[in-house]
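# Residue-level structural notes
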Amino acid sequence: ILIAFNVSPQITVITIGFGGLFFIFFKPIMDKVRIISHHTANAQKQVANHINESMIGVKTIKAMAFEQKVAAKGVDFFERLRHSEMRLSIYSSMIYVLTQPASVLVILALFAYYYKLSSFSFASFAVIVAGFLAWGYFRVLLEPVYGSDWIALNQYAAELLLQGQNPYAHSM
């Protein structure tokens, strides 16, 4: 921050102000994501516990003919997990989707403000833009894509749901 203040105190203050506004605007959504994450973790624990108990007591369940009741309870746990994960996915992607255009608008507003100043240098602006583009290019090129399997799995699960099948009971 000290370097940013040395370069341009006005732009730094404006940027910090926009960052504060972003934080105030997205804080309720981030709180909601945190709450839903706790619900998802609890649902995952319930599913794991149900599976473990069912596997341990599979002979007892079969002997007492409780297969349908245990299966119905399992489907209920998986439905809760699916519902929680879908809500988490929606809120998480909402932050991501809203942040990108807002960031571009802030950058354009800063550029418009800086352009009106007498100290505007097109050469330094071009270097900054080129550096930003190179950073984005190398970030996409060199970093591994960690979320691609999860995205493909969610798409596959959504297609199964549209076909009326339970994605958690379906074999991949």
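Being a predicted model, the structure only gives us computed values, none of them experimental. (Residues numbered from 1 in each chain as written. Predicted model: local features only at pLDDT ≥ 70, side-chain atom pairs only at ≥ 80, totals over all residues. Heavy atoms only, no water.)

## A few points about the overall build of the protein chain
- What the protein chain contains, in helices and strands, is six helices and zero strands.
- Listing each helix as α and each strand as β along the protein chain from the N terminus yields α-α-α-α-α-α.
- A burial count over the protein chain gives 16% of its 172 residues as buried.
- Taking the contacts inside the protein chain whose residues are at least 6 apart along the sequence as the reference set, 72% of them involve residues at least 24 apart. (Helix = DSSP H or I, 4+ residues; strand = E, 2+ residues; numbered from the N terminus. Buried < 20%, exposed > 50% of the residue type's maximum accessible area, 1.4 Å probe, protein only. Contact = heavy atoms within 4.5 Å.)

## What to know about the packing of aromatic side chains
- A complete count under the given rule lists two aromatic pairs for this structure.
- Aromatic pair Phe22 and Phe26: ring centres 6.1 Å apart, planes at 80°, arrangement edge-to-face. You can see Phe22 and its partner Phe26 sitting in helix α2 (residues 9-56), four residues apart, about one turn around the helix.
- What makes Phe22 partly exposed here is its relative accessible area of 26%.
- Classification of Phe26 by relative accessible area gives buried; the value is 7%.
- Through successive ring pairs, a cluster of aromatic residues spans Phe22, Phe25 and Phe26. (Phe/Tyr/Trp six-rings, centres within 6.5 Å; stacked < 30°, edge-to-face > 60°.)

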